[in-house]
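# Remarks on the overall topology
Okay, here's what each chain looks like letter by letter:
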Amino acid sequence: MLLLGLWQAVTAAGIYSPSQLPPPADVAAAVGELAGRGELWQHLAISVQREILGYTAGAVAALALGALIGVSGTVRGLLAPTVEALRTVPSLAWVPLLLLWLGIGEQPKIVLVAIGAFFPVYTTTAAALSQVDPHLLEVGRAYGLRGRVLLVRIMFPASAPAVLNGLRLGLVNGWLFLVAAELIASSKGLGFLLIDSQNTGRTDIMLLAIVLLALLGKLSDVLFGIVERRVVERRY
């Protein structure tokens, strides 16, 4: 509310022209305009769909690789340096390669979101599993637990808070990569709405897209936080 009040005060004072910073009422009117044409729900639906698909794929891959590297020193030595190097590649740097390999359909956008979600989940999972209390592992092995059973019954529960935190960070990072994906070679989605409104001079729609992205990111983070707390409470 403070930010909304500041926004209204700045526009009322005339510090920026309406073409540079339209008042909140104009952005609210843009909601009605796009909703009336049915475009708003299409952009929202496709962005949410891309986020869910990309995040799910990236998180599953990250948990699998993170578990493998976290439990095996040999695999860690072989793969971890390469994965860490790839983690530093900026999101937009992946776009030309993905377009070359996958074309301009949905696949490159979903894969880019998956890449964004992958690295936070992978990093926290690998680190958490590699630091599980050795005494817990000894107890598990004393009861005959080995391999996948030991991983599922001892290691993952012991590192659950860190893994869940990584999954939460991956969800937020997926939204950041989604915008990069939709800014290029896209005809729908909130990222497309951003670049299209810039080209048409509709600053009100541009700000609306930014607000919607912020709200979706915050909503997904809050919902995941609720799940995270419940899992941790059940664990303890």
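Keep in mind it's a predicted model, so treat the numbers as computed, not measured.

## Side note on the overall build of the protein chain
Along the backbone of the protein chain there are 11 helices and 0 strands. When its helices and strands are written in sequence order, the protein chain yields α-α-α-α-α-α-α-α-α-α-α. Relative to its full complement of 236 residues, the protein chain shows a buried share of 42%. Of the contacts formed within the protein chain by residues at least 6 apart in sequence, a portion of 70% connects residues at least 24 apart. As presented, the protein chain carries roughly 13000 Å² of accessible surface, and 68% of it is formed by carbon and sulfur atoms.

## Quick notes on helix α6 (residues 106-130)
With 25 residues, α6 extends 36 Å from end C-alpha to end C-alpha; this agrees with the ideal 36 Å at 1.5 Å per step. The largest bend in α6 is about 30 degrees, located at Phe118, with the proline Pro120 one to four residues further on. Across the 25 residues that make up α6, a large majority, 19, are buried.

## Details of the packing of aromatic side chains
Remark: the centre distance and the inter-plane angle together describe each pair of aromatic rings, the angle taken between the planes. Here the structure, examined in full by the defined rule, presents 2 aromatic pairs. Here Phe118 and Phe119 contribute two aromatic rings whose centre-to-centre distance is 5.1 Å and whose plane-to-plane angle is 90 degrees, an arrangement assigned as edge-to-face. The same class applies to Phe118 and to Phe119, which are both buried. Between Phe118 and Tyr122 the ring centres are 5.7 Å apart and the planes differ by 5 degrees, which places this aromatic pair in the stacked class. Placement of both Phe118 and Tyr122 in helix α6 is noted, with a separation of 4 residues, approximately one turn of the helix. By relative accessible area, which is 14% here, Phe118 ends up buried. Looking at Tyr122, the relative accessible area reads 2%, which means it is buried.

## Section: a nonpolar patch on the surface
A cluster of nonpolar side chains, contributed by Leu97, Leu100, Trp101, Leu102 and Val111, occupies part of the molecular surface with about 500 Å² of accessible area. By residue number, the principal contributor to the nonpolar patch is helix α5 (residues 91-102), which donates 4 residues. Take Leu102: it is sitting in helix α5. On the accessibility criterion, Leu102 (35% relative accessible area) is partly exposed.

## Some points on helix α7 (residues 134-142)
For α7, the capping residue at the N-terminal end is Asp133, with a side-chain oxygen 3.0 Å from the backbone nitrogen of His135. Immediately downstream of α7, the backbone of Gly144 shows phi near 85 degrees, a positive value.

## Thoughts on the environment of Thr203
Within the secondary structure, Thr203 is located in helix α11 (residues 203-235). Distance from Thr203 to Phe156, taken between C-alpha atoms, is 47 Å for residues 47 residues apart in sequence.

## Points about the pattern of salt bridges
Counted according to the given criterion, the structure contains 9 salt bridges. One salt bridge in this structure joins Arg202 and Glu33, with 2.9 Å as the shortest N-O distance. Pair noted here: Arg202 is in the loop between α10 (190-200) and α11 and Glu33 is in helix α2 (residues 24-36), with a separation of 169 residues, a long-range link. Of the charged contacts in the structure, one is a salt bridge between Arg168 and Glu228, with a shortest N-O distance of 3.0 Å. Remark: Glu228 occurs in helix α11 and Arg168 occurs in helix α9 (residues 160-182); sequence separation between them is 60 residues. Within the structure, one salt-bridge network assembled from shared partners comprises Glu33, Arg37, Glu39, Arg202 and Asp204.

## Description of the side chain of Ser47
Mapped onto the elements of the fold, Ser47 is located in helix α3 (residues 39-71). On the accessibility criterion, Ser47 (0% relative accessible area) is buried. Each residue touching Ser47, except ones within four places of it in the same chain, is listed here: Trp175, Leu178, Glu182, Gly189 and Leu190.

## Thoughts on the confidence of the model for the protein chain
Low pLDDT means the predicted coordinates in that region are not meant to be read closely. Looking at the protein chain, pLDDT values average 89 and 99% of them are 70 or higher. Confidence, read as mean pLDDT per element, is least for α7 in the protein chain (82) and greatest for α3 (94).

## Focus on the packing of α3 against α10
Two elements in contact, α3 and α10, have axes whose closest approach is 8 Å; the angle formed by their N-to-C orientations is 130 degrees. Taken together, the axis directions place α3 and α10 in an arrangement best described as oblique. Across the interface between the two elements, His43, Leu44 and Ser47 from α3 touch Leu190, Phe192 and Leu193 from α10. Class assignment of the residues belonging to the contact of α3 with α10 gives a composition of 4 nonpolar, 2 polar and no charged.

Reading the values: rules and limits
- Residues numbered from 1 in each chain as written.
- Predicted model: local features only at pLDDT ≥ 70, side-chain atom pairs only at ≥ 80, totals over all residues.
- Heavy atoms only, no water.
- Helix = DSSP H or I, 4+ residues; strand = E, 2+ residues; numbered from the N terminus.
- Buried < 20%, exposed > 50% of the residue type's maximum accessible area, 1.4 Å probe, protein only.
- Contact = heavy atoms within 4.5 Å.
- Areas by Shrake-Rupley, 256 points an atom, 1.4 Å probe, with all protein chains shown as cover.
- Expected span 1.5 Å × (residues − 1).
- Bend = angle between axes of the 7 residues up to and from the residue.
- Phe/Tyr/Trp six-rings, centres within 6.5 Å; stacked < 30°, edge-to-face > 60°.
- Patch = residues over 30% accessible without salt bridge, like charges linked within 9 Å, V, L, I, M, F, W, Y side chains within 5 Å.
- Salt bridge = Lys/Arg side-chain N within 4 Å of Asp/Glu carboxyl O.
- Polar contact = N/O pair within 3.5 Å; in protein donor to acceptor, adjacent residues only side chain to side chain.
- pLDDT = per-residue confidence, 0-100.
- Axes fitted to C-alpha atoms, helices over the stretch in contact; angles between N-to-C directions.
- Parallel < 35°, antiparallel > 145°, perpendicular 65-115°, else oblique.
- Nonpolar A, V, L, I, M, F, W, Y, C, P; charged D, E, K, R; others polar.

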